[in-house]
Amino acid sequence: MAAAWVRLCALILIGVSSGTALAKDKTPTAIVVGGGLAGLTAAYELQNKGWQVTLLEAKAGMGGRSGLATSEWIGNAKAQPVLNQYLDRFKLETLPAPEFVRTPGYLIDGEYFSATDLATKQPATAEALKRYEKTLDDLARSIDDPLNPQATSTLFALDQINVSTWLDKLQLPATARQLVNQQIRTRYDEPSRLSLLYFAQQNRVYRGVSDRDLRAARLPGGSPVLAQAFVKQLKTIKTSSPVTAIVQDKDSVTVKVGSVGYQADYLVMAVPLRALAKIQMTPGLDAKHLAALRGTNYGWRDQLMLKFKKPVWESRARMSGEIFSNTGLGMLWIEPALKGGANVVINLSGDNARLLQAFGDKQMVDQVLIRLHAFYPQARGAFTGYEVKRYSVDASTGGAYLAYGPGQISKYWRLWERPVQRITFAGEHTDALYPGTLEGALRSGQRAASQAQDLLAGKSFDPAKAAPVAAAAAGAAAKENKGGFFSNMFGGSSDKSGKAEQVPAKTEAKPVDEAKQDKPGFFKRLFGGADKPEVKAEPIAKAEAVAPVIAPAPAPAPQAAPAPVVKEAAAKPAASKAAPAKHAPAHKPAQKPAESKKATAKSEPAKKTVANTQAKAG
Ligand SMILES: Cc1cc2nc3c(=O)[nH]c(=O)nc-3n(C[C@H](O)[C@H](O)[C@H](O)COP(=O)(O)OP(=O)(O)OC[C@H]3O[C@@H](n4cnc5c(N)ncnc54)[C@H](O)[C@@H]3O)c2cc1C
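Now for a quick tour of the structure. Treat the numbers as computed from the prediction; the structure is a model and nothing was measured. (Residues numbered from 1 in each chain as written. Predicted model: local features only at pLDDT ≥ 70, side-chain atom pairs only at ≥ 80, totals over all residues. Heavy atoms only, no water.)

### Regarding the site of the ligand
Then step 1. Residues in contact with the ligand amount to 36 residues; listed here are only the nearest, Ala-38, Glu-57, Arg-65, Glu-428 and Leu-438.
Then step 2. Here Glu-57 contributes a side-chain N or O atom positioned 2.6 Å from an oxygen atom of the ligand.
Then step 3. Interatomic distance of 2.8 Å between a backbone N/O atom of Leu-438 and an oxygen atom of the ligand.
Then step 4. Taken by itself the ligand offers 1,000 Å² of open surface, and the protein chains cover 94% of this.
Then step 5. Within the residue set of the shell around the ligand, elements represented by two or more residues are helix H2 (37-48), strand S15 (301-308) and helix H18 (438-456). (Near = heavy atom within 4 Å. Polar contact = N/O pair within 3.5 Å; in protein donor to acceptor, adjacent residues only side chain to side chain. Areas by Shrake-Rupley, 256 points an atom, 1.4 Å probe, with all protein chains shown as cover. Helix = DSSP H or I, 4+ residues; strand = E, 2+ residues; numbered from the N terminus.)

Here it is, written out as structure tokens:
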């Protein structure tokens, strides 16, 4: 196999060197690896600039981490400007969100509260949430420039602290803390695994953007619809094409997919970090990039859509919109009836999702149903089926989305925004302002495309620099620490013991096993108990016995998994003839581009069929 690959490269390289004379007027070529929204955007933007682009996607379908169809909330142009631009460009219509779902609600022990209800019926919890929000806002305000969150040594020090430690200092009442934990683990990751600086930076980015802006509309069909709109525009897409190796040389980039090779002038790498770690790169990435591949934290979040014949919650609560539960069901919301019946999406996140990785889909659904049934007795009888998306254990994702752990901004901040030779990087994880969102993915695709254009024009990018604030700053921070900075940051606690104000020596997020040990009693917490650690983790086998009141009804078989959105375009083998240049480059290359190749592994733009087999509106 290896020998064949070497032979293939040799063939390609022979082709490269024989075509120098033709290179100048040649259409620039790019390979985009990854057919999520970032890769799709990069491919679309490059194609629009006159490049010949081949998009390689590992899976049979396009769209990557697009959520369960219909589930995305769309922010307005203030909250998600780039997303809204593309929605306009592709004439995709959104449904305005009803007013009552635009602000979050709370499900406390099975009872629904709007923010207004909470203030009158549970004033202590409402007060505590307000105090938390105010303290968080103060923290966010301390960052002047969210693109440079560690501008000062004091801010740098926040990166060494986890969010849970900060929350402990706020001493919130139990219910408020459970709700806050749930919100944070749904949006990012478990508070104990999250850098306080990252959390503050993200709140700085969204400062002045209200929940109403963020949940202004829904896109019928969800983000897969946007993915398809891109797909329709692109000329060459090859699905079921997992890239396993990449070789860069002076003039070109060669990519291996099984026994097939592709070659282009530049490459946009738009796969999540864990997937990138599996691709063999020649020359190899430097130590810092390799450490980032392994060490950058991803939040965990799995989604279950439970389908019911009719709403089971109406009689007991006005469940709708985005709701944070204190009973371990995570964030949930009622779907618009686009798929028929009455559907609720339940998001299990953070360590809750990590621990559930041992469960099969049906077991996981059963556990959730048991808990729902406790509050909504008709739940089992009305249950008709489910869909599950497990981003956490998907090898091509390795988690839901980027969520910097303690110490990681200091090490890896904006690392992937710099090209490495002929490769530019895209993906939500490469966007400094909006990671973990559609907006971030789209923005990153635009940036990576424009960097490829810059490279073509001869622009060089500085090699990645070391973290801007060095260890010395940590020392300075410790000094300032004495001056009360952390007291202020931690919500004005009068605790001057200094213990909690020390920058913790150990900054790495804990591995799952440790979390298990630290946070036993998980099922109690997850499904209806207090949010308090117990002494020992309950073994998985015992999980079923936690709520034995109702025997788990046999859950109907899962609905067919969403089928491929796009059918594979005919892939050309490595040694196929170069496709004729169809598009003039937007700019003339200032730098000598790659020569044309006789024996090049070129993919021709191929006609593709678009088969949308996503569940249709009912
Ligand atoms: C549960 C959940 C809910 C979300 N909800 C929202 C929301 O409501 N609003 C919002 O704005 N954002 C939301 N997001 C975030 C948003 O979905 C992502 O940020 C975005 O889809 C990421 O796009 P991407 O292109 O960076 O990555 P991906 O979509 O992961 O694309 C990467 C692609 O690369 C492919 N790939 C991997 N390895 C290879 C390889 N070796 N060769 C070829 N291809 C490869 C993968 O198969 C995948 O298709 C949510 C995410 C999750 C997980």
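So much for the structure itself; the text now carries on.
### Some remarks on the packing of aromatic side chains
Then step 1. One pass over the structure, following the stated rule, counts 16 aromatic pairs.
Then step 2. Taking 5.6 Å as the distance between ring centres and 90 degrees as the angle between the ring planes, the aromatic pair formed by Tyr-188 and Phe-199 counts as edge-to-face. Within this pair, whereas Tyr-188 is found in the loop between helix H8 (174-187) and helix H9 (196-205), its partner Phe-199 is found in helix H9, the two being separated by eleven residues in sequence. For the pair Tyr-188 and Phe-199, a shared accessibility class is recorded, and that class is buried.
Then step 3. One aromatic cluster is present, formed by Tyr-132, Trp-166, Tyr-188, Tyr-198, Phe-199, Tyr-404 and Trp-413 through successive ring pairs. (Phe/Tyr/Trp six-rings, centres within 6.5 Å; stacked < 30°, edge-to-face > 60°. Buried < 20%, exposed > 50% of the residue type's maximum accessible area, 1.4 Å probe, protein only.)

### With respect to the pairing of strand S12 (residues 266-269)
Then step 1. A two-sided burial pattern is seen for S12, the buried positions comprising Tyr-266 and Val-268 on one face and Leu-267 and Met-269 on the other.
Then step 2. Two strands pair when backbone bridges link them, and S12 and strand S21 (residues 423-425) are joined in this way by three bridges, in the parallel orientation. Bridging across to S21, Met-269 finds its partner in Phe-425. (Pairing = 2+ DSSP bridges.)

### With respect to H8
Then step 1. Spanning 14 residues, H8 covers 20 Å between terminal C-alpha atoms, matching the ideal 20 Å at 1.5 Å per step.
Then step 2. H8 sits mainly inside the fold: eleven of its 14 residues count as buried.
Then step 3. Taken together, the buried positions of H8 are Ala-176, Arg-177, Gln-178, Leu-179, Val-180, Asn-181, Gln-182, Gln-183, Ile-184, Arg-185 and Thr-186. (Expected span 1.5 Å × (residues − 1).)

### Side note on helix H5 (residues 123-141)
Along an α-helix, residues three or four apart share an orientation, since each turn contains 3.6 residues.
Then step 1. Look at H5: 27 Å from first C-alpha to last across 19 residues, which is about the 27 Å you get at 1.5 Å a residue.
Then step 2. Listed as buried for H5 are Thr-125, Ala-126, Ala-128, Leu-129, Tyr-132, Thr-135, Leu-136, Leu-139 and Ala-140.

### Examining the nonpolar core
Then step 1. Formed by 66 residues in total, the largest nonpolar core has its most connected members in Tyr-132, Trp-166, Phe-199, Ile-246, Val-255 and Met-269.
Then step 2. In terms of residue count, the dominant contributor to this core is H5 (six residues).
Then step 3. Shared between two domains, this core takes at least three residues from each, and those domains are domain 1 (1-97 + 220-295 + 404-468 + 562-600) and domain 2 (117-215 + 470-497).
Then step 4. Excluding anything up to four places from it in sequence, Phe-199 contacts Tyr-132, Leu-136, Val-163, Trp-166, Ile-184, Tyr-188 and Leu-194.
Then step 5. Listed in part, the 41 residues of the second largest apolar core include Trp-51, Leu-87, Ala-217 and Leu-455. (Core = buried A, V, L, I, M, F, W, Y, C linked by side-chain atoms within 4.5 Å. Domains from an automatic or database assignment. Contact = heavy atoms within 4.5 Å.)

### Thoughts on the pattern of salt bridges
Then step 1. In this structure the tally under the stated criterion is 21 salt bridges.
Then step 2. A salt bridge links Lys-59 to Asp-394, with the shortest nitrogen-to-oxygen separation between them at 2.6 Å. Of the two residues, Lys-59 is situated in the loop between strand S2 (52-56) and strand S3 (73-74) and Asp-394 in the loop between strand S19 (383-390) and strand S20 (401-402); the sequence distance between them amounts to 335 residues.
Then step 3. Of the residues examined, Lys-59 reaches a relative accessible area of 38% and is grouped as partly exposed.
Then step 4. A salt bridge links Asp-366 to Arg-380; the shortest N-O distance between them is 3.8 Å. On the criterion of sequence distance, the pair formed by Asp-366 in helix H15 (residues 361-375) and Arg-380 in helix H16 (residues 379-382) is long-range, its members being 14 residues apart. (Salt bridge = Lys/Arg side-chain N within 4 Å of Asp/Glu carboxyl O.)

### Quick word on the sheet that holds strand S13 (residues 280-282)
Then step 1. In spatial order, the strands read S11-S10-S9-S13; together these four strands make up an open sheet with mixed pairing. Edge positions in the sheet fall to strand S11 (260-264) and S13, since each of these pairs with one other strand and no more. Direction aside, the axes of adjacent strands within the sheet are offset by 15 degrees on average.
Then step 2. Across three bridges, strand S9 (residues 245-248) lies against S13 in parallel orientation. Bridge pairing links Ala-245 to Gln-280 in S13. (Axes fitted to C-alpha atoms, helices over the stretch in contact; angles between N-to-C directions.)

### Some points on the pairing of S11
Then step 1. Of all five residues making up S11, four are buried, and the element is well covered by its neighbours.
Then step 2. Note that strand S10 (residues 253-257) and S11 share five bridges and pair antiparallel. In the strand pairing of S11, Val-257 is matched with Val-260.
Then step 3. The antiparallel pairing of S10 with S11 creates a hairpin that spans two residues between the two strands, and Gly-258 there sits at a positive phi of about 60 degrees.

### Observations concerning the packing of H5 against H8
Then step 1. Put simply, H5 and H8 touch, their axes get as near as 9 Å, and they point 45 degrees apart. Classified by the angle between their axes, H5 and H8 sit oblique to one another. Seen along the crossing, H5 lies across H8 with a hand that is right-handed. Between H5 and H8, the contacting residues are Thr-125, Ala-128, Leu-129 and Tyr-132 on the first element and Thr-175, Ala-176, Leu-179, Val-180, Gln-183 and Ile-184 on the second.
Then step 2. Here the contact of H5 with H8 is built from residues that sort into seven nonpolar, three polar and no charged. (Parallel < 35°, antiparallel > 145°, perpendicular 65-115°, else oblique. Left-handed = near helix turned anticlockwise from the far one by under 90°. Nonpolar A, V, L, I, M, F, W, Y, C, P; charged D, E, K, R; others polar.)

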